Amino acid sequence: MTDTPLIKVEHLKVYFPITSGVLQRKSGEVRAVDDVSFEILRGKTVGLVGESGSGKTTIGRALIRLIEPTDGHIFYKGEEITRLSAKEFRPYRKKIQIIFQDPYNSLNPRLTIADIVGEALEIHFPRMTRLQRRSRVADLLAKVGLKPEHLDRYPHEFSGGQRQRIGIARALAVEPEFIVCDEPVSALDVSVQAQIVNLLQDLQEELGLTYLFIAHDLAVVEHISDFVLVMNRGKIVEAATAEEIYTHPQDDYTRKLLDAVPKL
Amino acid sequence: MTSNLFRQILQRPTGVLCAALLAVLYLIAIFAAVISPYAPSDQNLAKTYHPPTGLVWHDGRLCVRVYKLVDPTEALYRAEPDRLAPVHFWAKSAPYKLWGFIPMEHRLFGVDSAERIYLLGSDSTGRDVFSRLLYGSQVSLSIGLIGIFITTVIGVTVGGLSGYFGGPLDNVTMRLTELLMAVPDLYLIIALRAALSAYFDSGQIFLLIVGILSFIGWSGTARVIRGLTLSLRNRPFIHAAEALGQTPFVILWKHLFPNLLGYLIVTSTLSIPGYILGEAALSFLGIGIQEPSTSWGLMLSQAQDMKVFMLNFWWLLTPGLAIFVTVILFNALGDVLRDIVDPKLKTQV
Amino acid sequence: MCATPLLEVRNLAIDFGRGENATHAVKGISFTIADGETVAVVGESGSGKSVTALSLTRLLPTPPARYVGGEILFNGRNTLTLSGDELRPMRGKQIAYIFQEPGTSLNPVFTIEFQIAEAIRLHRPEVKDVRGEVVRALDLVGIRDPEKRLGDYPHQLSGGMQQRVMIAMALACHPKLLVADEPTTALDVTIQKQIMDLLRELKGRLGMSIMLITHNFGIVADIADRVVVMFRGHIVEEGKTADVLRNPQHPYTRALIDCVPRLGQKQRRLKAIDHAEIEALLKP
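Criteria and thresholds
Residues numbered from 1 in each chain as written. Chains lettered and ligands numbered in written order. Predicted model: local features only at pLDDT ≥ 70, side-chain atom pairs only at ≥ 80, totals over all residues. Heavy atoms only, no water. Pairing = 2+ DSSP bridges. Helix = DSSP H or I, 4+ residues; strand = E, 2+ residues; numbered from the N terminus. pLDDT = per-residue confidence, 0-100. Contact = heavy atoms within 4.5 Å. Buried area = accessible area lost by both parts, 1.4 Å probe. Salt bridge = Lys/Arg side-chain N within 4 Å of Asp/Glu carboxyl O. Polar contact = N/O pair within 3.5 Å; in protein donor to acceptor, adjacent residues only side chain to side chain. Axes fitted to C-alpha atoms, helices over the stretch in contact; angles between N-to-C directions. Domains from an automatic or database assignment. Nonpolar A, V, L, I, M, F, W, Y, C, P; charged D, E, K, R; others polar.

**Some thoughts on the pairing of strand β1 (residues 7-16) of chain C**
Residue and element names in this part refer to chain C. Here β1 pairs with strand β2 (residues 23-33) via 8 bridges, running antiparallel. Bridge pairing in β2 places Ala-13 opposite Lys-27. What sits between β1 and β2 in their antiparallel hairpin is a turn of 6 residues, with Gly-17 showing a positive phi close to 80°. Of the strand pairs in this sheet, β1 and strand β4 (residues 65-74) are connected by 8 bridges, and their pairing is antiparallel. Within β4, the residue paired with Val-9 across the bridge is Ile-72.

**Description of the confidence of the model for chain B**
Residues and elements named next belong to chain B. Taken as a whole, chain B shows an average pLDDT of 82; of its residues, 96% reach a score of 70 or greater. Summarising per-element confidence for chain B, the mean pLDDT is lowest in helix α11 (residues 306-310) (71) and highest in helix α2 (residues 13-30) (90). Segment residues 344-349: pLDDT under 50, and 14 contacts once partners within four positions in sequence are set aside and those in other chains are kept. Complex prediction metrics read pTM 0.77 and ipTM 0.80.

**Some points on the interface of chain B and chain A**
With 18 residues of chain B at the contact, the number on the chain A side is 23 residues. Around 2000 Å² of area is buried between chain B and chain A when both sides are counted, 57% of it from carbon and sulfur atoms. At the junction of chain B with chain A, the criterion picks out 2 salt bridges. A salt bridge links A:Glu119 to B:Lys254; its shortest N-O distance comes to 3.9 Å. The interface formed by chain B and chain A includes 11 residue pairs in polar contact (both at pLDDT 80 or more). Of all the secondary structure elements, the ones that give two or more residues to the side of chain B that touches chain A are α8 (236-243), α9 (248-284) and α12 (318-348) of chain B.

**Details of the sheet that holds strand β3 (residues 38-42) of chain C**
Residue and element names in this part refer to chain C. Across the sheet, which stays open at both edges, the 6 strands sit in the order β6-β7-β8-β3-β9-β10 with mixed pairing between neighbours. For this open sheet the edge positions go to β6 (95-98) and β10 (234-240), each flanked by a neighbour on one side alone. Along the sheet, successive strands turn relative to each other by an average axial angle of 15°, direction set aside. With 4 bridges connecting them, β3 and strand β9 (residues 226-231) associate as parallel partners. Bridge pairing links Val-42 to Val-229 in β9. Against the sheet, helix α12 (residues 275-282) touches β9 and β10, its axis set at about 100° to β9.

**Structural notes on the domain arrangement of chain B**
Residue and element names in this part refer to chain B. Under the domain assignment, chain B is made up of domain 1 (2-30 + 132-345) and domain 2 (46-122). Relative to domain 2, the C-alpha centre of domain 1 lies at a distance of 37 Å. Contact residues are listed per partner, giving 11 residues for domain 1 and 12 residues for domain 2. Between domain 1 and domain 2, a total of about 880 Å² is buried, with carbon and sulfur atoms accounting for 67% of that surface. Among the residues domain 1 hides against domain 2, the three largest losses belong to Ile-30, Phe-313 and Trp-315. Together they make up 50% of the total. Across the domain 1-domain 2 interface, the total number found is 0 salt bridges. The interface formed by domain 1 and domain 2 includes 3 residue pairs in polar contact (both at pLDDT 80 or more). Considering only residue class, the side of domain 1 that touches domain 2 consists of 8 nonpolar, 1 polar and 2 charged.

Printed below as a string of C-alpha cells:
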C-alpha cells in the first residue's frame, strides 16, 4: 500500500448555467460546487455532510461522472480522470460505483432483481454465461442479506430497506474499489438505517472498500466515517476526523449541524 | 408485462368481449376472399340495387329466393314464389388468389352461376355489398394498425432520443414537431393526394394515405414520449445504469422503453379509431381509396346518392354500421387497458 | 377536569382487503389523548401508525380499508359512525393534519395565500379579514415578512418553508388536535430541529393537543408528554416519555431507542432490531 490516496480531488468546480429567453442565453450560473479539494485514502470512509442544496450530491455525481465538472481535477490512484472521454472512462465504471438515496426510484420497476443486479455483469463480464451470472447474482444477494428465491421478483415486492440492499448488491456486482454512498439511509426508518449502516461497514471490512458517505445527518456520518467534510453552499467549511468534529467543532455551521442532532 | 396485461384483460368482461369481437373482425378480414361469395369487382348490370336475398329452408337444404325485376326505374324487385336456388357450401368459383399468392378455386358458399346470392343486397353496378364489405374491411381495419405502427416507431424514436440526449437535438426535433403540428393536415392531404395520385395505382394509394396520416400523426406521440422520457431520465435507476457504464441505446431500450410500454399500448388502442375514421373521411370525400378497390369509407360515399334515401336502399349503409362498431370496440378496449395500466402509470411515470 | 379525554380510541381494528388476503393493519388498539397533551406514536413502516392517524377522521379510502371494530371517540362522539355531513366540519376544524411530504401536500398551481385562505373560509366563515388572518397564521409559524410571501407558489419555497406553510394552514382553523404524520422525515436534520422546536413552542402557546407520528425515537424526547409504541398493528408499550426513554419495558421499545445513532458514542456497530424475536414475544 502506497501513500497515494485512492481519490484525490483538487479545486473541483461544478457550475450550472442559468439560461433564459427563447435563445437559451446564459444569464448566470449556480455554483453548486465551488473550489473543493479533498482526498480519500484506500479502505477508509470519508463522510460528506451538509444540507440539501449544499452541493454534496453534486460532488458524488461528479466523481462517478454523471455530471461533467466545470473545472478542477479528480485523480484516481494518481491518474487524472477528469477529462477522459466516455470510452476512456469506461474501465473506471468498474471501479467506482454509486448507491442512491431513494430506494423506490433507483430500481427499474419493470426488471426482475436478477436482471437489475445482473446488468452490471452483462456489461463488464460479457463472457459470463447466463447460468454463471445467475449464480453470481445469488451470491451477491446472499452477501447483502437477501435470499436466492428473491432473484425473479420485481422491486415493488420489497420493502425500502430490502430495496436498498438490492441497490448495494448492484453496486457490488462489478467488484468496485470505491463506492459513492449518496444518502443511502436518509429515506429509511431509523431501525432500517441501522441495518444498512451495519451492512455497509461489514462489506467494507470484508471487501476492503472505500466509501464517500454523503448524508445530512451528522450523527450517522460521525458513526460511519473516519474523516468528515462539512459542506455549506458549495464550499467545504470544515474538514477533520470524526472525533475532532464532534469534540472541537471549529465552524459555526458545524456547530449548527451538531446542535440539530436529537439528543436522547 | 405484456402477458400480464393480456391476463388482466381476460379478467374483465368488457375486455374479453371487445378483444374477442375484434379478433373475429380481423379473422374475417384476413379470410375475406374465402368467406365472400364474389370478387369485389364482380358486376351484374342486370341486378343493380338488388335487395338482400331471402334465405329459406327447403327439402333439407338451404336455398335463396330468386327475384324478378318488376320496375327498372325504381329498382323494384319481387321474389318469385316457386323459384329457389340451392346454396352450395365450398362452392366452385372463378379462380382467384388468396392473399395474392395462394391459387384457389372455391369459396365458402355460393349459388349456381345463373343466380346470385346477395346477403346484403347489391350496389349500383350489381356488385355484392356483403363481399365488398369483407374486402373493404381489409383496408379499413389494417390502416389503423399500420398507421399506429409507423407513428409509434417514429414518435418513440424521435421523442425518446430527444428526451434522453436533450440539447441541440432536442431543440431541432421539437421545433420540427411544432412545424408539423402547424401544418393544416386536411389541405396537405388533399394537395399531396392530388399531386401524386397520377403516378400510383390503387394499392399504392392505400400506402400513400397511411403514409400521409402517420406523417402528420407522429409529432403528437413524439412530444408526449419526450416528456415522459425527460421525467424518467432523472430517475435514479437511469443514473445507476449510466454509472455502470451501460450504453445510451441499451438504456433507452432496456430501461426507458419498458416503462413507456403501458402508456403506448393504451394510447395506440385509443388512436386506432382515428385512423379508421380518417380513411373513411378521405375516401368519402373521394380523395382516399379509389375504385375498383374497396373500403368502408368508399362504399359509404357511394351511398351519398339521393336514390339510396328516396328508395330506401338501407343495405348500402351497412359499411357505416361496420365503422361504428369497430370504433366503439377499439375505444372500449382502450378504456379497459387504461384502467389496467393507469394505477401503475400514476406511480411510475 | 380530565373526566373525558379529547380523543379516546377503543379497540380500533382496521383491515385492508377481505377474506384470506386481508391484512390486519391495526389489531384492536386503545389509547387516549387528553386536552393539551402531546402524544407520540412511534413505530416502523408497516406498524399501523399512519393508518391509525388517518382513521381518526375516516380519511382512509374504503375499500380497500375496512373498519372492522372499535370506536374513535372525539369529544365523546364516535367518528366511525358519524355521517359524511357531520364529519366534514370536524376535518380541519377540530382535527387538522400535516403530512410527511410538504411538497406534495400543497397544490402547486395556487399561491400560499389562496390555500390558507381557502381553509379559513371553509371552517371559519365568521372571519372578515381573511388576509389578515393568513398573515397572522404565517407569522405564527415563524415566516418572516409574511405579507411578502403571500403571493408565493409552493415551488418557490424550500422544504422547511413548505412544511411551515402546511402547519400555518393546519393551525389557521384553531384545531383542537393536530395530527403530525412524520412531519420532518423528508427534511434535513437542521430543518427537522427547527420544525420540532416550532411545534413545541406552538403547543405551549395555543394549548392544543398533538398526535405526533414518527419512526424516530430521537425526536420525541423534547416534545411528547406520552409515548405509544406500535409494532405490527399492536400497541406494545405506552407511558410517560421520560419513563419510557429511561426504562423501556418492552424489548421492542428498547431496540427502537437503541438504534438511533448518537453523537460521540462511537460504538462498533449500531444496534439493529431482530424482528423475528419481537414477533415471537407477541405470540401468546
